[in-house]
Amino acid sequence: MAGEAPELNAQEKAGKAFPVSWDQFHRDCRALTWRLNEVGPFHAVIAITRGGLVPAAIVARELGVRVIDTVCIASYDHDKQGELQVLKGISEQAMNLGGGTGKGLLIVDDLVDTGKTGRLVREMLPDAHFATVYAKPKGRPLVDTFITEVSQDTWIFFPWDTALSYHPPLRDGAA
Ligand SMILES: O=P(O)(O)OC[C@H]1O[C@H](OP(=O)(O)OP(=O)(O)O)[C@H](O)[C@@H]1O
Ligand SMILES: Nc1nc2[nH]cnc2c(=O)[nH]1
Ligand SMILES: [Mg+2]
């Protein structure tokens, strides 16, 4: 309707961009593993897909964990958060490894933002250790271990969502 402000998506609300390269992401995952190595050992890694798959692979490789399960949750359609949908739950086998409460299991995701996704998985596995590579202030209290905190108004761009492209010189008006 004329005169009404258009609804902003999460990325527009965030404003600041924080692009992460593959190299940087790998380094940050390794740094995360150094911290997790003090906390483990873990019987299995539970990746929150899809964003948790890449860090879970790197962390599991470094920690020598061979059992990896997924909990498949969708909430953002690109940058708009909707209702959380659990598309696949944690397997019975992984549940049993964690004694039904997640003890000795490591949940991995790429980031926490509002904390909604993390909260839901924590409810499924209350005794598990929850690690993310990046954390925003709203979600941070849910995470046991993370590497880098970014402000709530930052949008993180992951290497699997981005591509190299031409950037005009500053003098031509580039931000
Ligand atoms: O703390 P929250 O506000 O819940 O946001 C964090 C979640 O959002 C992203 O997942 P997304 O739902 O975009 O799905 P994807 O991992 O498949 O990209 C990210 O990978 C986290 O899982
Ligand atoms: N890529 C990306 N996905 C998100 N989902 C929730 N917050 C973010 C973010 O900052 N970046
Ligand atoms: Mg995700």
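What you see is a predicted model; the values in this text were computed from it and never measured.

Novice: It is not clear to me how the nonpolar core should be interpreted in this structure. Could you clarify?
Specialist: For soluble globular proteins, nonpolar side chains are generally found buried alongside one another. Membership of the largest hydrophobic core comes to 22 residues, with the highest contact counts inside it found for F25, L32, L36, V45, L106 and Y134. Sequence-distant contacts of L106, defined by excluding residues within four places in its chain, comprise L36, F42, A44, V45, I46, V59, L63, H129 and A131. By size, the runner-up hydrophobic cluster in this structure holds 17 residues, among which are I73, I90, A135 and V143.

Novice: It is not clear to me how the site of ligand 2 should be interpreted in this structure. Could you clarify?
Specialist: Around ligand 2 sit Y76, L111, D113, K136, W155, I156 and F158, and those are all the residues in its vicinity. Taking K136, its side chain carries an N or O atom lying 2.8 Å from an oxygen atom of ligand 2. Here a nitrogen atom of ligand 2 and a backbone polar atom of I156 are 2.7 Å apart. Protein contacts shield 87% of the accessible area of ligand 2, which totals 280 Å² for the unbound molecule. Of the residues assigned to the shell around ligand 2, the class counts are five nonpolar, no polar and two charged.

Novice: Could you clarify how one ought to interpret the pairing of strand β6 (residues 129-135) in this entry?
Specialist: In regular strands, side chains alternate between the two faces of the sheet. Burial within β6 is extensive, with seven of its seven residues counted as buried. With six bridges connecting them, strand β5 (residues 105-112) and β6 associate as parallel partners. Each residue of the ladder has a partner; that of L106, found in β6, is H129. Pairing analysis gives two bridges linking β6 to strand β7 (residues 148-149), with the strands arranged parallel. Counterpart to A135 in the pairing with β7 is E149.

Novice: Would you take a moment to explain the sheet that holds strand β4 (residues 80-88) for this structure?
Specialist: Adjacent strands of a sheet form backbone hydrogen bonds with each other and so pair up, either parallel or antiparallel. Read from one edge to the other, the open sheet built from six strands follows the order β4-β3-β2-β5-β6-β7, with strand pairing classed as mixed. On the outer flanks of this sheet lie β4 and β7, each paired with one strand and no other.

Novice: Explanation requested: the site of ligand 1 in the structure shown.
Specialist: Taken together, 15 residues sit near ligand 1, with R50, D109, D110, T114 and T117 positioned nearest. At a separation of 2.6 Å, an oxygen atom of ligand 1 approaches a polar side-chain atom of D109. Between ligand 1 and D113, the relevant distance is 2.8 Å, taken from an oxygen atom to a main-chain nitrogen or oxygen of the residue. A total of 500 Å² of accessible area belongs to ligand 1 in isolation, and the protein chains cover 89% of it.

Calculation criteria
Residues numbered from 1 in each chain as written. Chains lettered and ligands numbered in written order. Predicted model: local features only at pLDDT ≥ 70, side-chain atom pairs only at ≥ 80, totals over all residues. Heavy atoms only, no water. Core = buried A, V, L, I, M, F, W, Y, C linked by side-chain atoms within 4.5 Å. Buried < 20%, exposed > 50% of the residue type's maximum accessible area, 1.4 Å probe, protein only. Contact = heavy atoms within 4.5 Å. Near = heavy atom within 4 Å. Polar contact = N/O pair within 3.5 Å; in protein donor to acceptor, adjacent residues only side chain to side chain. Areas by Shrake-Rupley, 256 points an atom, 1.4 Å probe, with all protein chains shown as cover. Nonpolar A, V, L, I, M, F, W, Y, C, P; charged D, E, K, R; others polar. Helix = DSSP H or I, 4+ residues; strand = E, 2+ residues; numbered from the N terminus. Pairing = 2+ DSSP bridges.

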